[in-house]
Structures are given as C-alpha cells and as structure tokens.
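# Structural description and commentary
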Amino acid sequence: MRPLSFAVLALFVALFLLSTRVPVSESAVSCSDVLKDLKPCVSYLKSGSGMPPAACCAGVSALANVATSSADKKAACACIKNAAQKMNPNAQLAQALPGNCKITLPVAVSANVDCSKVG
C-alpha cells in the first residue's frame, strides 16, 4: 500500500472513530455516511486539478440528497469540518467542489465553516 493511501485510510478510520462520539441523535445523517460519500473526493481535494472525478460528484450528490433537514445539515457540516481540519484540502478546490459537480451542497467543504449557521 502506498504511504499516501495508508495515510488517507488512517484518516478515515480516525474520523470514523471520532464521529461515533458526536451526538447527532436528531439527524438521520451519520458521519460514516458523510465520509463514505466524500471519500472519492479526497485525492482530488488534496492534490487534484480541473474537474472532480465522476465518483466524487456522485458522492457529493448523494450527500446533498440526504442532508435535507436542519439537523442533517448541521451533522454533515460537523463531519465535513472535522475531516477538513485533519486532511487540509486545497481550499479553492474544496470551495469550488459543489459548483464543479453542478450540485448545490447545503454545507461548505471547509475547515472554517461555522456549523451553527447551517440549516
């Protein structure tokens, strides 16, 4: 396994373990679902260019379709924020991701988003 692949896998395992501690009882969206949907975007967000891969856009679309309630959006936001803080994505690619996938995502892909204002 390449060192970067191992690092990405370790990041997702750590995020999953951390996400199980976050109380989101009102939400139907779990951190594991959010991370599963966005996993195909990791390489692109760290070192990609141009348009995101189709699998990434499919995941972003799936997330947009399930994060419909305020609680869902806040839960997804917390998961994305936590993952972004740990993986340090390219901010321009992260900000442009929903538009490049031609999707409106109710949550910014950012380590600096204020999740209390999402909903």
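Everything below is about the structure shown above.
Residues numbered from 1 in each chain as written. Predicted model: local features only at pLDDT ≥ 70, side-chain atom pairs only at ≥ 80, totals over all residues. Heavy atoms only, no water.

### Digging into the environment of Cys 57
Put simply, the rule reads: Helix and strand definitions follow DSSP, with helices as H or I runs of at least four residues and strands as E runs of at least two, each counted in order from the N terminus. Whether two residues are in contact is decided by their heavy atoms: any pair within 4.5 Å suffices.
Mapped onto the elements of the fold, Cys 57 is located in helix H4 (residues 54-66). Excluding its chain neighbours within four sequence positions, the residues that come into contact with Cys 57 are Pro 52, Cys 101 and Ile 103.

### A word on unusual backbone geometry
What counts is decided by this rule: For the exposure calls, accessible area comes from a 1.4 Å probe over protein chains only, and a residue counts as buried if that area is under 20% of its type's maximum, exposed if over 50%, partly exposed in between.
The phi dihedral of Asn 88 is positive, around 55°, even though this residue is not glycine. Note on placement: Asn 88 falls in the loop between helix H5 (70-87) and helix H6 (91-100). Its identity is not glycine, yet Lys 102 carries a phi of approximately 60°, on the positive side. Note that Lys 102 resides in the segment after H6. By relative accessible area, which is 71% here, Lys 102 ends up exposed.

### Overview of the state of the cysteines
To be explicit about the condition: Any two cysteine sulfur atoms lying within 2.5 Å of each other are counted as a disulfide.
As enumerated under the stated definition, the model contains four disulfides in all. Bridging Cys 31 to Cys 79, the disulfide has an S-S length of 1.8 Å. With the S-S bond torsion at -90°, the cross-link from Cys 31 to Cys 79 turns out left-handed. Linking Cys 31 in helix H2 (residues 31-38) with Cys 79 in helix H5, this pair joins segments that are 48 residues apart in sequence.

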